[in-house]
Each structure stands twice: as C-alpha cells, then as structure tokens.
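Letter by letter, the chains look like this.
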Amino acid sequence: MPLALLALAVGAFGIGTTEFVMMGLLPDVADDLNISIPTAGHLVSAYALGVVIGAPLLAAATTRMSRRSVLIALMALFVVGNALSAVAPGEISLLAARFVSGLPHGAFFGVGAVVATGMVAPERKARSVSLMFLGLTVANIVGVPAATAMGQALGWRATFLGVSAIGVAAIAALVALIPRENAPAPATGLRGELAALRSLPVWLALGTTVAGFGALFAAYSYITPMLTDAAGFAETSVTLLLALFGVGATAGNLLGGRLADHSLRGTLFGGLASLVVVLALFPLLMRTPVTAAVSVALLGMAAFVTGSPLQLMVMEKATAAPSLASSANQAAFNLANAGGAWIGGLALAAGLGTTSPALAGAGLAVLGLGVAGTAWAVDRRAAAASARGRERVVAGHVPETVESVRR
C-alpha cells in the first residue's frame, strides 16, 4: 500500500477526533459558557449540519482543482474551524466555528477515497479506502479519550488547539506524501459531477448508507443508558467500553476492506445481516456486564464492515464523476447519524424499554438490506438488458464479404 495513504489517515484521525470529542466536553463547555447541557448539545448538531451542507457544496465547488490541492485546502479549512472554536468567546460564535469545522469533513473523505483508490491496483481499492477510514476508527480508541482528558485537565479550548495541530500535521503529510500525478484535476466539470447524481444506482447506494448506518446510530446514540441502566455498569466505566466500540469498529473496517476486494456485494450483505443479528440480540446481551461489553465491540465491528463497501459502491456507480457522489455518501453517513438517533429516541419516548433503540436499529438494518437487495436487482436487470442488446447487435450483423457475395 502507498505511504500516501498515511497522510489521508492522519487527516481522518483529526476529523474523527473533533467530531466525537464534543460529546465528552459538553459539561465543561456548558459550565464555561454558562449554558445548559441540552443547549450545548446544539454544538454537535452544528458540526453535523456543516458536514451535510459542506460535503456536496465543497466537492462541487472544487471540481476544477486537482484533488491533491482540494485535500490540502479542505484540511486548511479544518484547521481554521478548530482554531476559531478554541478562541470563540460565546455560544453563537462557537456554534459558527463548529459549523465551519464540519464543512470539510464529507468532502475530505469523499475526495480522499477517490485519491486512495487511484493509487492502488483494482483488486486493492476497498482495502485502500479502509486504510483511510482507519484514522477515523482509531480516533475513537485514542484520539477522543486523549482529547477529552486534555480538555478536562487544561480546559476545553486546549482540546481544539490540539486538534488544530493535528490538522497542521495532516497538511504537511499531504504535501509531502501525495504525488501530484496521482491526484490530478478531474476530467469532468460541475455538470459532469451533477450528472452522476441522476443515476438510480447511486441513489440506491446512498439509501443503503442512510439505512445501514442509521441502524448503528439508533443504538449507539443511547449506548450509555443501556450500559448503565440495563447492564449495570458504573458511569465511570462507559469511556472504557466506548473504546471497545472503537476497537470493534477498527477491526470491522479492516476486515470489510479486505473482504470487499474479493466480493463487494457479498461483504455488504453479510455486514448488514450481521448488524441485524447483533442489534436484535441487544436486549439479551445487555443482561450481564460481560455480554454487554462484547456486544459493544460486536456493534462496532458489524457496522464498520460495511463502511468501505458502501463508499466504493457509490464511487463505482458514478465512475465518470466520483468525487461529488463519494462526498454525498459522507453526507448520507451524517444524515444516518441524525435520523438514527431520532428514531432510537422515538422508541425510548414510547416507553418500549432501555434497549428498544437497538431493536429500532435492527429494523433499520433490515430496511438497509432491502434497499441493497433492490440495488442488486436493478444492476442485474441492467446487465441482462445490456447482454440482450449485444446479442441483437451480433445477430443482426452480416459480414461484408457474405453480403457482397449475395449481391
């Protein structure tokens, strides 16, 4: 694998850290700015909104730039957003800074996936994407706990200065490790990129992302009350258990990349099916501390097995202009985050029990399987129609020598 993938992983590590660290810093931020914790929770939403808006807009706005330059510019915007977060004097300015921090997230992963797959042989494409995503999953194991501890010891503003430093390191790595010839400007302009989004297979792939990862976030958004109320863990143990989720996600990401290079569709179906099983068993697994800890790791593994296949599938369905479609897939991940959390919350509000969000997630995973199955059927029909068209052309072709003899 090219060393340049390390530069993408460093950027992903910084992005993953700043995305999830706010959850652990909410009490500190709320106290410092004299706001309530629910109000401080809007800072999480502001980042997610930045991702959803920024992913397609920035990918579209940079279609004429070389992908190497785009990645460097996006990481520079990431540094600016986090630096502004560190010096924000109040709630409104911090909300704006978090929104700016989220803008480059989706486009970085989207364009980065295109660059990563362009540097490797076809049989290693999924693995290259998984190595870029490795920075995101490792952030949940190392980056988020370390950044949270830094914020608690030195103040939450120090955390965002530290994340900005990671962004600067990522820029240096991108400049040094990504060759210009491996990340040229796309051949198509904005019109070509937008044309890719008119394809039904692209939208089916995006729909699979929303449903599949919505299943994850329906459960993961409420994992703390499940662990404390259902499994009986102390609140002080939750951080360590969430690190187990990161370990599972890292293992699943690497496994998914390796398997998808052999069977993209099979890995996707297998990952979604395993997610259904894990989430459906959550009410049973949450009855003892040991099985609950195992279930957290299994949840991360089952969900992230599908990460690389989904990203690669969107890119393959938009081969003429993959950057915008790939970035749109990252927006779909964050829509899944918001939508899954909302659906899981509905299950809790309905009084269905502490573990009911996991069952709601299992339903979403079944929906994801249905959308993926529909995409498979559409592909088969398109392939069959193409084959029939070739047969008609061959059958209707009369060699010139034979026709001349007839004349």
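The notes below deal with the structure included here. This structure is a prediction, so every number in the text was calculated from the model and none was measured.

Cut-off values and rules
- All residue numbers here refer to positions counted from 1 along the written sequence of the relevant chain.
- Residues qualify for local features only when their pLDDT is at least 70, as the model is predicted, and side-chain atom pairs are given and counted only at 80 or more; totals for whole chains, interfaces and linings, by contrast, use all residues.
- Side-chain descriptors were evaluated using all non-hydrogen atoms of the structure, hydrogens and water having been removed beforehand.
- Buried Ala, Val, Leu, Ile, Met, Phe, Trp, Tyr and Cys residues that are joined via side-chain atoms within 4.5 Å together make up what is termed a nonpolar core.
- Here's how the labels work: a residue is buried when its accessible area is under 20% of the maximum for its type, exposed when over 50%, partly exposed in between, all with a 1.4 Å probe on protein chains only.
- What counts as a helix is a DSSP run of H or I of at least four residues, what counts as a strand is a run of E of at least two, and both are numbered from the N terminus.
- The criterion used for residue contact is that any of the two residues' heavy atoms lie within 4.5 Å.
- Any pair of N or O atoms that falls within 3.5 Å is considered a polar contact. Within protein, one atom must be able to donate a hydrogen and the other to accept it, and sequence-neighbouring residues count only if both atoms are side-chain atoms.
- To obtain an axis, a line is fitted to C-alpha atoms, over the contacting stretch when the element is a helix, and the angle between two such axes runs from 0 to 180 degrees between their N-to-C directions.
- When an angle is under 35 degrees it counts as roughly parallel; over 145 it counts as roughly antiparallel; between 65 and 115 it counts as roughly perpendicular; any other value is oblique.
- Definitions for this section: a left-handed crossing has its near helix turned counterclockwise from the far helix by less than a right angle. A right-handed crossing has that turn clockwise.
- Under this grouping Gly is polar, as are all residues other than the nonpolar Ala, Val, Leu, Ile, Met, Phe, Trp, Tyr, Cys and Pro and the charged Asp, Glu, Lys and Arg.
- Stacked, tilted and edge-to-face are the three classes applied to pairs of Phe, Tyr and Trp rings, where Trp contributes its six-membered ring and a pair requires centres within 6.5 Å; stacked means planes under 30 degrees apart, edge-to-face means over 60, and tilted covers the rest.
- By this rule, a helix spans an expected 1.5 Å times one less than how many residues it contains.
- Note that bend, as reported per residue, equals the angle between axes fitted to the 7 residues terminating at that residue and the 7 residues originating from it.
- What makes a salt bridge here is a side-chain nitrogen of Lys or Arg within 4 Å of a carboxyl oxygen of Asp or Glu, nothing more.

Some thoughts on the nonpolar core
Residues Leu-216, Met-286 and Leu-299 are the most contacted members of the largest nonpolar core, which totals 57 residues. Per-element accounting of this core gives the leading share, 10 residues, to helix α9 (residues 200-220). Contacts of Leu-299, omitting those with residues within four sequence positions, involve Leu-216, Ala-219, Phe-245, Leu-275, Val-278, Leu-279 and Phe-282. Counting 35 residues, the second-largest nonpolar core is a separate cluster that includes Met-75, Ala-113, Ala-116 and Met-132.

Remarks on the side chain of Ser-85
With respect to the helices and strands, the residue Ser-85 is situated in helix α4 (residues 67-87). Exposure remark for Ser-85: the relative accessible area of 0% places this residue in the buried category. Within polar-contact distance, the side chain of Ser-85 engages the backbone oxygen of Gly-81 at 3.0 Å. Those residues within four positions of Ser-85 in sequence are excluded, and the remaining contacts are Leu-94, Ala-97, Arg-98, Ser-101, Trp-156, Arg-157 and Phe-160.

Remarks on the packing of helix α6 (residues 125-154) against helix α11 (residues 238-260)
Contact pair α6 / α11: the axes reach a minimum separation of 9 Å and the direction vectors enclose 180 degrees. It follows from the interaxial angle that α6 and α11 lie roughly antiparallel. For the pair α6 and α11, contact is made by Ala-126, Arg-127, Ser-130, Leu-131, Phe-133, Leu-134, Thr-137, Val-138, Asn-140 and Ile-141 and by Ala-243, Gly-246, Val-247, Ala-249, Thr-250, Asn-253, Leu-254, Gly-257, Arg-258 and Ala-260, respectively.

Topic: the packing of helix α15 (residues 307-317) against helix α16 (residues 322-349)
Put simply, α15 and α16 touch, their axes get as near as 8 Å, and they point 140 degrees apart. Regarding the angle of α15 to α16, the classification is oblique. Seen from above, α15 lies across α16 with right-handed handedness. In contact with Gly-307, Leu-310, Gln-311, Val-314 and Met-315 of α15, α16 contributes Pro-322, Ala-325, Ser-326, Asn-329, Gln-330 and Phe-333. Split by residue class, the contact of α15 with α16 holds 6 nonpolar, 5 polar and no charged.

Observations concerning the packing of aromatic side chains
Under the counting rule described, the total for this entry stands at 7 aromatic pairs. When the centroid spacing of 6.4 Å and the interplanar angle of 75 degrees are considered together, the rings of Phe-245 and Phe-304 count as edge-to-face. Taken together, the residues Phe-245 in helix α11 and Phe-304 in helix α14 (residues 289-304) connect sequence positions 59 residues apart. Like Phe-245, the residue Phe-304 is buried in the burial classification. Each member of the aromatic cluster is reached from another via a ring pair, and the members are Phe-213, Tyr-220, Phe-245, Phe-304 and Phe-333.

Quick word on helix α1 (residues 4-33)
Taking 1.5 Å of rise per residue, 30 residues should cover 44 Å, and α1 covers 41 Å from first to last C-alpha, within 8% of that figure. At Leu-25, α1 is bent by approximately 65 degrees, the largest bend along its length, and proline Pro-27 sits one to four residues beyond. Within α1, 21 of the 30 residues are buried, leaving the element largely enclosed by the surrounding structure. Looking one or two residues beyond α1, the residue adopting positive phi is Asn-34, at roughly 60 degrees.

Structural notes on the pattern of salt bridges
Scanning the entire structure with this criterion turns up 4 salt bridges. Across the salt bridge formed by Arg-265 and Asp-379, the nearest N and O atoms sit 2.4 Å from each other. With a gap of 114 residues between them, Arg-265 in helix α12 (residues 264-280) and Asp-379 in helix α17 (residues 356-396) connect regions that are remote in the sequence. For Arg-265, a relative accessible area of 19% gives the class buried. Overall, Asp-379 belongs to the buried group, its relative accessible area being 19%. Linked through salt bridges whose partners overlap, the residues forming this network are Arg-265, Lys-317 and Asp-379.

That's the geometry; what it means functionally is another story.
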